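Structure at a glance
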Amino acid sequence: MPKLILPWLSRLLLACLLLAGAGAQASGSTADFVVVVSAKSPLTALSAEQVTAIFMSQTGRFPGGDEAIPLDLPFGSPLRDAFYNKVAARTPALMKAYWTKMVFTGRAQPPRELSNSVAARRMVADNPAMIAYIDRAALDPSVKIIQVTP
Amino acid sequence: MNLARETRRARWLRRGLDTHVSLPLFAMLLLVAIWVVAFHEIDAEREHAQEAATDSLQEMLGTYEAQVARSVDGIEQTLRVLKYAVERKGALGALPELGREGLLPPGVVFVVGIVDRNGTTVASNPVAPSISVADQGYFKFHMERDSGATYVSPATRDAANSEWHLHFTRRLDDADGNFAGIVIVETDPAYFTSSYERSRLGEHGQLGLVGTDGVVRALRSGDKLSFGQTLDGPAGKYSGMRELHGIGLNVLIGLDEQELMVGFERQRREKIWEAGILSGVLVFVTGLLWLWSWQGARTRARMRRAQETYAAASAASLDAFFVMREVRDARGVIVDFKIVDANQRAEQMTGSSKQFLCSTTLCTLIPEARQNGMLTHLIDVTRKGGVHEQEWQSTVPQLRARWLHQQVVAVRGGIVAIVRDISERKLAEERMVHLAHHDTLTGLPNRSLISDRLDMTIAQAQRSGGSVSVAFIDLDGFKLVNDGLGHNAGDDLLKVVAERMSGCLRASDTVGRFGGDEFVLLLSETGSAVGAAQVIERVREAVLQSISLCGQEVQVSCSIGVAVYPHDGADAETLLMNADAAMYRAKEKGKNNCQFYTREMNASIEEKLVLLEGLRNALEEEQFSLVYQPKVDLHDGRVFGVEALVRWNHPEHGTIGPDRFIPLAEESGMIVALGDWVLRTACAQNRAWQDAGLAPLCISVNVSPRQFEDPRLVERVQQALDDTGLAPQWLELEVTEGVIMRDLQQAVAKMAQVRAMGVSLSIDDFGTGYSSLSALKSFPISTLKIDKSFVRDLGRSSGDEAIASSIIGLAHRLRLRVIAEGVETEQQRAFLRENGCDEMQGYLFSRPLPPLQLAALLGAPTPRLAVAA
């Protein structure tokens, strides 16, 4: 039993720390995002790597095997830059170079862009396959926050 | 000539086959092959690399063309969708509508914009500030004409988009077909070069878009992006350009030759390294092998030279060489020797060719070897090893030598026999041994061999209890022959005598020559029918036979002394000495006879030795004295002279006569001093008598042979006369015939000198020697003395009377006076007087008297007394 409890405890602790960090950052910055899926989705948490892979079209599925469709916010929006900076650890220039190459060589298309967080939330709420990052302020019960573990 | 060429070719071939020559040649061929293959492979690689590069270029060009075509297609699709949406919803509603439908291109890559007919941007995604593009080339292009095609501008920057970007534009028309603005899709030039892969294009490859107008829209080389410049077609060998139809663009791919060939260059270097290392290893290994084989070749050459030297040396050797290898039977026992090499001398010795010798075995060549121990000896040598030498007398007909010296050396697996013909040496040795033991003149055994034989015979006799006779033989009168007829005649005589003696002997007897005229017989008493005495008698008679020498008949006799083992001595030395003594006795007995040894003989010899010992001191101790025998004139009975005779008054033995000690003095050489003393004493006595007033007398002194031969004789006589003051006419010297005959010429000269001094000379003992009558007449003498042996039997022996009267007659004919000595009877005196003899001396008148008595005799008034009677 202790063997099972310990990793679980440590992961919980890490998640709390991350949330606390995010909270601290949110207090100092306007771009406070949360990663959300439809409230109907069984998903509760993803690792940063898994999130990055989905958003960089490196995979089309969640870890459980269900289809995953990522949604982006407009290019140049602060929330988008913060998301990629935080989760994928990539600057906007890096992201641009990545997508340029992907698009040109035809290997992948970037996620669909929605004009704002609310539009994204609405989209996610209806479709359990979708995942998006939205402004915390735009949260409502139709979606649920996915915990992003490092 | 042909042969020479062939041998030269053979030599070259042999040298070529020598490893140390062929190895470097082979290695060099290998080296050439390595490099030919290496360069061939490099060439093939280069070709392959170039082909691969061309293929790769074409493939990349195709891929890039497809990518660009698809992208441009997508952009054109977007432009058409935009145009449609603007025409349906108006410039402001188009973008939101498309956004809702998800038909807008991703803002991260593409910027879309809508420009109204005035050149003002009315909408864009992502959202950008509104600007005027009325003065831009692409705007003017579409405003001026309806091309119905997409226009691609060179890269520009503007206020709305500060980054360099390409504009893809299309014309918008209103319902009437008039210009209503343009739709734009902007993208970064880097978009078209994003498929640049370093792994394929390297750091210096080129990938990009060039407009048909020659202006570069985007060009990437490594990390460097460039645009705007003008380019004329593909640059370099590995670059290609393809035109995209309907849009006025070319795709360009360029590959850097250096980078393309990097792999090949690396392979080339590797190949060269491999070949180099291989070459190095080859050279090293070849060098090692060559060194090894060269040393081997040198060793072989040295061995060949050594063998040739050995062959030359052995061929020139005086010894025969046989190199033989063991032949073993199934059990490993040596049964024979196979000849594997032999030299020229061996061919000569065996009389067989080398080819034959080398194809045969010892026992085939010499079948006797199995029986006579030769094979056994050789097998023995192989077992013992080392060097074995021996000399042997060959009985094998196959070897052409009587005596052989062989040296056998054991070598591995066989033997080497060195055989020398030593027959000549052996012959010389035999000859030397013979010489050492035999007399060269007669061929008879000499003293040393006789001694050895005697020892041997004595030893045999001792064992068998027999006896051995040793006869010492001395020829009588040999000296006369030698002196009279010469040494060659003497040698011939000895040879004849030796032969005769040998002819008389039995098989078991030996005759040898001791030197001079002495011979020795060894006679063993073997129970043969003929006794030793008979053999000796036969020898004596054989010697007596006359011999013809230099055309002259000569007769010699011999005196023989015999000693018998064991009676007369137990060893060779004693026997020989005693036989010698017996021989002397035989001589004394008048020669030509044989005497057996008796003990008295030794006694007389001992006496002789005692006398000889005394003689040495006798002169000093004045033991000698002179007595004088008067000489009487037969006609008037007057004493006219005296003969001085010496006596030895020995302190122990009493008075000793000259017949006993004169020979001893003669032998020992004392005669000279004694004769001198006699001469002086006689002269002094004569002078004393004269001084005493006696009538002068002539005094006769005997001169012995040794004295006469003394070169200072004349001087001594003169000295004696001078010292005593005697007048020479009162001295007479008596010399025997033999003395004169020894060297006639010298004797006559000497006598003349004496005569010239005024001293008289007479010949003593005349008739006993061999006087040369022809020489007699030239002798400066005055008197002949008839020997007493003839006088003794006068009146009884007619022979002696004849001799005496002949001598008297002869003397008178030569005008010499004659004196007879030893006259003892009246009868003798009567005969002599009747036959005209002049003078006499003897007991009849007076025996020899001491000086005083003689003086008394002479002083008597009737010295002629006897004559009267």
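Placed above this text is the structure.
If you're wondering where the values come from, they're calculated on a predicted model, not measured in any experiment.

Residue and element names in this part refer to chain B. A sheet is described by the order of its strands in space; here 5 strands give the open sequence β2-β1-β5-β4-β3, paired in antiparallel fashion. A single partner strand is all that each edge strand has here, and the edge strands are β2 (121–125) and β3 (151–152). Sheet topology note: the β3/strand β4 (residues 166–173) ladder contains 2 bridges and is antiparallel. The residue of β4 that forms the bridge with V152 is F168.

What follows covers the pattern of salt bridges. Residue and element names in this part refer to chain B. For the structure on display, the rule yields 53 salt bridges over all chains. A salt bridge links K83 to E87, with the nearest nitrogen and oxygen atoms 4.0 Å apart. Highlighted residues: K83 and E87, both in helix α2 (residues 19–101), separated by 4 residues, approximately one helical turn. The exposure class assigned to K83 is partly exposed, which follows from its relative accessible area of 22%. For E87, a relative accessible area of 45% puts it in the partly exposed group. Among the salt bridges present, the one from E265 reaches R268, with a minimum N-O distance of 3.2 Å. Here E265 and its partner R268 are both found in helix α6 (residues 262–316), 3 residues apart, which amounts to about one turn of the helix. Among the ionic contacts, a cluster of salt bridges with common partners joins K631, E643, E732, E734, K785 and E821.

A cluster of acidic residues, B:D452, B:D455, B:D571 and B:E573, forms a negative patch on the protein surface. On the basis of relative accessible area, B:D571 is assigned to the partly exposed category, the value being 35%.

Once that is clear, we can look at the sheet that holds strand β1 (residues 33–38) of chain A. Residues and elements named next belong to chain A. An order of β4-β3-β5-β1-β6 is seen for the 5 strands of this open sheet, with the pairing classed as mixed. Every interior strand has two partners, whereas the edge strands, β4 (112–113) and β6 (143–145), have only one. The pairing of β1 with strand β5 (residues 130–135) spans 5 bridges and is classified as antiparallel. Paired with V36 across the two strands is A132, which belongs to β5.

Counting residues at the interface gives 15 residues for chain A, matched by 23 residues for chain B. Contact between chain A and chain B buries roughly 1,500 Å² in total, counting both sides, with carbon and sulfur atoms accounting for 62%. When residues of chain A are sorted by the area they lose upon contact with chain B, A:K96, A:T100 and A:F104 head the list and together hold 42% of the total. Run the count over chain A and chain B and you get 2 salt bridges.

Our next topic: unusual backbone geometry. Residues and elements named next belong to chain B. A cis geometry characterises the amide bond from N125 onward to P126, with omega recorded as -5 degrees. Among the secondary structure elements, P126 is positioned in the loop between β2 and α3 (137–144). With an omega of 0 degrees, the peptide bond between Y565 and P566 qualifies as cis. Here the phi dihedral of E622 falls at roughly 50 degrees; this positive angle occurs in a residue that is not glycine. Within the fold, E622 resides in the loop between α17 (599–618) and β23 (624–633).

On inspection of all chains with the given rule, the structure shows 26 aromatic pairs over all chains. Where A:F55 meets A:Y133, the ring centres are 5.7 Å apart and the plane angle is 55 degrees; that geometry is what we call tilted. Remark: A:Y133 occurs in strand β5 and A:F55 occurs in helix α2 (residues 48–55); sequence separation between them is 78 residues. Here A:F55 and A:Y133 have matching classes, each one buried. When the centroid spacing of 6.1 Å and the interplanar angle of 55 degrees are considered together, the rings of A:F104 and B:Y64 count as tilted. Taken together, the residues span two chains, with A:F104 in helix α4 (residues 92–105) and B:Y64 in helix α2. By relative accessible area, A:F104 is classed as buried at 0%. Over the aromatic face of B:W403 sits the side chain of B:K426, whose NZ or CZ is 4.4 Å from the ring centroid.

Here is what the cut-offs are and how they apply
Residues numbered from 1 in each chain as written. Chains lettered and ligands numbered in written order. Predicted model: local features only at pLDDT ≥ 70, side-chain atom pairs only at ≥ 80, totals over all residues. Heavy atoms only, no water. Pairing = 2+ DSSP bridges. Helix = DSSP H or I, 4+ residues; strand = E, 2+ residues; numbered from the N terminus. Salt bridge = Lys/Arg side-chain N within 4 Å of Asp/Glu carboxyl O. Buried < 20%, exposed > 50% of the residue type's maximum accessible area, 1.4 Å probe, protein only. Patch = residues over 30% accessible without salt bridge, like charges linked within 9 Å, V, L, I, M, F, W, Y side chains within 5 Å. Areas by Shrake-Rupley, 256 points an atom, 1.4 Å probe, with all protein chains shown as cover. Lys, Arg positive; Asp, Glu negative; His and termini not counted. Charge placed at Lys NZ, Arg CZ, Asp CG, Glu CD. Contact = heavy atoms within 4.5 Å. Buried area = accessible area lost by both parts, 1.4 Å probe. Phe/Tyr/Trp six-rings, centres within 6.5 Å; stacked < 30°, edge-to-face > 60°. Lys NZ or Arg CZ within 6 Å of the ring centre and 35° of its normal.

The analysis is restricted to geometry; functional conclusions fall outside its scope.
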